[in-house]
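Spelled out, the chains give:
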Amino acid sequence: MAPLYRGLYSLGVITCIAAASVRCYYRLCRSEEKGGRKKREGTQTQASEEKWEALIAPGMRKEDKGNVRVWKLYTEAESGRFALKLRFEPNTRFPNHWHGSAEWCFVAKGEFRDNYGTKKAGDFFFNERASPHRELQAGAKGCELWVVKDKGTNPPMLPPYEHKCPFE
């Protein structure tokens, strides 16, 4: 009797999810008919489309140049928010910088250390606008970060801004 109950419960959950999806789709279509929210297309990036480029940041040490690669996955036209992947070779350091906009980061592979501690594969972290980012270094096996970032720059902590945030 228990397996039957679990099966019916799962079926009920799936039915509720499907019904909610249909309701959302119906509301979206109705609002479009009334001149409301416009339909948006999804964006997909395939692994076969990999476009890795070297990322050389101001203040980067000579021995680290070419050891950080970036693949820009998507940029939202209206807001400028973008998604990218960063790949660090083992023990690569990245220059200290300020965050000119918010960023959401997920460690997909390897290990990563900064002034906030060590992050391992599966960890998530968030950097607020105007927050400092110091002592960044990939672990012994390197790392890969998946990042979503609001439009903005990350100026290096070089004179005159090594101790004072330029966004305050």
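Residues numbered from 1 in each chain as written. Predicted model: local features only at pLDDT ≥ 70, side-chain atom pairs only at ≥ 80, totals over all residues. Heavy atoms only, no water.

Let us now look at the packing of aromatic side chains. What the rule picks out here adds up to 6 aromatic pairs. Considering the side-chain rings of F88 and F112, the 6.0 Å spacing of their centres and the 55 degrees angle between planes classify their relative orientation as tilted. Residue F88 is located in strand β3 (residues 82-88), and its partner F112 is located in strand β6 (residues 103-114); the two are separated by 24 residues in the primary sequence. A centroid spacing of 5.6 Å and a plane angle of 45 degrees characterise the contact between F106 and W146, whose relative ring orientation is tilted. Taken together, the positions of F106 in strand β6 and W146 in strand β10 (residues 136-149) put the pair 40 residues apart, joining distant regions of the chain. Judged by relative accessible area, which is 31%, F106 ranks as partly exposed. (Phe/Tyr/Trp six-rings, centres within 6.5 Å; stacked < 30°, edge-to-face > 60°. Helix = DSSP H or I, 4+ residues; strand = E, 2+ residues; numbered from the N terminus. Buried < 20%, exposed > 50% of the residue type's maximum accessible area, 1.4 Å probe, protein only.)

So, about a nonpolar patch on the surface. Together, F106, F124, F126 and W146 give the surface a local cluster of nonpolar side chains, amounting to about 410 Å² of exposed area. With respect to the element layout, F126 can be found in strand β8 (residues 124-127). For F126, a relative accessible area of 41% puts it in the partly exposed group. (Patch = residues over 30% accessible without salt bridge, like charges linked within 9 Å, V, L, I, M, F, W, Y side chains within 5 Å. Areas by Shrake-Rupley, 256 points an atom, 1.4 Å probe, with all protein chains shown as cover. Salt bridge = Lys/Arg side-chain N within 4 Å of Asp/Glu carboxyl O.)

Moving on to the pattern of salt bridges. What the rule picks out here adds up to 5 salt bridges. We note a salt bridge from R61 to E63, for which the minimum N-O separation is 3.3 Å. Note on R61: relative accessible area 32%, which makes it partly exposed. With its nearest N and O atoms 3.0 Å apart, the salt bridge here joins E144 to R87. Note that E144 is positioned in strand β10 and R87 in strand β3, a separation of 57 residues in sequence.

Before going further, it helps to spend a moment on the environment of E128. Take E128: it is sitting in the loop between β8 and β9 (132-133). Separated by 27 residues in sequence, E128 and S101 place their C-alpha atoms 6.8 Å apart. For E128, the contacting residues outside a window of four places in its chain are H99, S101 and A102. (Contact = heavy atoms within 4.5 Å.)

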